[in-house]
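Summary of structural features
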Amino acid sequence: MENRPLLYTVNSACMLGLSLVLVGAFYFQYGLGETPCPLCLLQRMGMLGVLVGLALNTAFGFRREHAAVIIGAALVGGSFSVRQILLHIAPVEGEPTGYGSAVLGMHLYTWAAIVFLTTIAGTAVFLCLIRDEPAGAVRRPTLFDRGALLFATFLCLSNALATFLECGAGACCENGPCP
Amino acid sequence: MAFLFLSYLATFACVIRGRRSAALAGLALSTALSVAMFFHHTTSGLELNF
């Protein structure tokens, strides 16, 4: 049984939705002037890993290995989020709570953890619905699929440039390159 | 950390060019480097309380 085209559209819609989360991160960085911390950047990388897994589905068809890639990237990114949540779980009296602004009462790293958990849950649902495409299969993506893939690639390039402008080629600390 | 994003970008390029094995290898490398950077930041002794 072949996979329904609707499933591929949903896959691309997920790719677009996750890309918009990264666009939101850029809004906080450049719109609100909140410099991303190293853990924030690592969480963005986790999301890019998930996007690569979704892109593999787009380019080569659904495979269990791609689902494993998505779950693995979400677990890595989720670990970074949980680390940051734990760093701020017990606020010091008189000091601002958390790092950066809150959205609907939760900081961005908490939202990131929710995104990664949702990704894992969504992948579990997808695994129940998809059939493995034959080995060596190459899909012909639709215009929407290609658009979502190119947008995710563009965001990856944008993140590389933004990080280079913030920290140069080396490691990042709170407000730029590490001393 | 910009080079880490570049490694993800190279992975995307492999996907677009239809090189699945290279993309999987690139993602594995990128993820490993991200985890290494995470441990560098958490163990480097810098005051990285964020």
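Just so you know, the residues in each chain are numbered from 1, in the order the chain's sequence is written. Chains carry letters and ligands carry numbers; both start at the beginning, A for chains and 1 for ligands, and go up in the order they are written. This being a predicted model, a pLDDT of at least 70 is required before a residue's local features are given, and a value of 80 or more before pairs of side-chain atoms are given or counted; all residues contribute to the totals for chains, interfaces and linings.

Broken down by element type, chain A carries 5 helices and 4 strands. Shown N-terminal to C-terminal, the secondary structure of chain A runs as helices and strands in the order α-α-α-β-β-α-α-β-β. For the radius of gyration, the atom set is restricted to C-alpha positions; the globular benchmark scales as 2.2 Å times the number of residues to the power 0.38. Against the compact-globule benchmark of 16 Å for 179 residues, chain A has a radius of gyration of 18 Å, which places it among compact chains. For chain A, the C-alpha atoms occupy an extent of roughly 60 × 30 × 25 Å along the three principal directions. Burial is judged by counting other C-beta atoms within 10 Å of a residue's own C-beta: 20 or more means buried, 12 or fewer means exposed, and anything between counts as partly exposed, with every C-beta placed from the backbone. Every one of the 179 residues in chain A was classed for burial, and the buried ones make up 36%. In this description a helix means any DSSP run of H or I spanning at least four residues, a strand means any run of E spanning at least two, and both kinds are numbered starting from the N terminus.

We now examine the interface of chain A and chain B. For the purpose of contact definition, each residue receives a C-beta atom placed from its backbone, and two residues are in contact when these atoms lie within 7 Å. The partner chain B presents 28 residues to the 36 residues of chain A that form the contact. For the side of chain A that touches chain B, the secondary structure elements donating two or more residues are α2 (38–60), α3 (64–87), α5 (143–167) and β3 (172–173) of chain A. Counting residues per element, the side of chain A that touches chain B draws most heavily on α2 of chain A, at 12 residues.

With that settled, the discussion passes to the confidence of the model for chain B. Confidence of the prediction at every residue is given by pLDDT, a number between 0 and 100. In the predicted model, chain B carries a mean pLDDT of 86, and 88% of its residues have values of at least 70. Both confidence scores are given for the complex: pTM 0.90, ipTM 0.89.

Core analysis: the biggest nonpolar cluster contains 50 residues, and Met15, Leu51, Val52, Ala55 and Ala152 of chain A have the highest contact counts within it. Of all the elements in the fold, those that place two or more residues in this core are α1 (5–31), α2, α3, α4 (108–129) and α5 of chain A together with α1 (2–16) and α2 (20–43) of chain B. The contact partners of Met15 of chain A, leaving out residues within four places of it in the chain, are Leu51, Leu54, Ala55, Ala148, Leu149 and Ala152 of chain A. The nonpolar core is taken to be a set of buried Ala, Val, Leu, Ile, Met, Phe, Trp, Tyr and Cys residues joined by way of C-beta atoms within 7 Å.

Expected span, for any helix, means 1.5 Å times one less than how many residues it has. For α2 of chain B, with 24 residues, the first-to-last C-alpha span of 35 Å sits near the 34 Å given by 1.5 Å per residue. For α2 of chain B, the complete set of buried residues consists of Arg20, Ala23, Leu24, Gly26, Leu27, Ser30, Thr31, Ser34, Met37 and His41 of chain B.

A few words on the packing of α2 of chain A against α2 of chain B. Orientation of α2 of chain A relative to α2 of chain B, taken along the N-to-C sense of each, is 170°, at an axis distance of 11 Å. If you check the angle between α2 of chain A and α2 of chain B, you find them roughly antiparallel. As for how α2 of chain A packs across α2 of chain B, the hand of that crossing is left-handed. When α2 of chain A is examined against α2 of chain B, the residues Pro38, Leu42, Met45, Gly49, Val52, Leu56 and Phe60 of chain A are found in contact with a partner set consisting of Arg20, Ala23, Leu27, Ser30, Thr31, Ser34, Met37, Phe38 and His41 of chain B. As a working rule, the residues Ala, Val, Leu, Ile, Met, Phe, Trp, Tyr, Cys and Pro are called nonpolar, Asp, Glu, Lys and Arg charged, and the rest polar, with Gly in that last group. Grouping the amino acids of the contact of α2 of chain A with α2 of chain B by side-chain chemistry returns 10 nonpolar, 5 polar and 1 charged. Geometry is summarised by axes, namely lines fitted to C-alpha atoms with helices restricted to the contacting stretch, and by angles between N-to-C directions that run from 0 to 180 degrees. Working rule for angles: under 35 degrees goes down as roughly parallel, over 145 as roughly antiparallel, 65 to 115 as roughly perpendicular, anything else as oblique. Note on convention: near helix rotated counterclockwise from far helix by under a right angle means a left-handed crossing. Clockwise means right-handed.

The next thing to look at is the environment of Ala67 of chain A. Residue and element names in this part refer to chain A. By the element assignment, Ala67 lies in helix α3. As for Ala67 and Arg44, which are separated by 23 residues in sequence, their C-alpha atoms are 19 Å apart. Not counting residues up to four positions away in its chain, the partners in contact with Ala67 are Thr123, Phe126 and Leu127.

With that settled, consider the packing of α5 of chain A against α1 of chain B. Packing of α5 of chain A against α1 of chain B leaves a shortest axis separation of 8 Å and a crossing angle of 160°. Compared by their axis directions, α5 of chain A and α1 of chain B come out roughly antiparallel. Classified by chirality, the crossing of α1 of chain B by α5 of chain A is left-handed. The segment α5 of chain A lies against α1 of chain B, with Leu149, Ala152, Thr153, Cys156, Leu157, Asn159, Ala160, Thr163, Phe164 and Cys167 of chain A engaging Ala2, Phe5, Leu6, Tyr8, Leu9, Phe12 and Ile16 of chain B. Taken together, the residues of the contact of α5 of chain A with α1 of chain B break down into 14 nonpolar, 3 polar and no charged.

Residue and element names in this part refer to chain A. Over its 25 residues, α5 extends 36 Å from the first C-alpha to the last, a length consistent with the 36 Å expected when each residue adds 1.5 Å. Along α5, the residues that are buried comprise Asp145, Ala148, Leu149, Ala152, Thr153, Leu155, Cys156, Asn159, Thr163 and Cys167. Immediately beyond the C-terminal end of α5, within one or two residues, lies Gly168, with a positive phi of roughly 75°.

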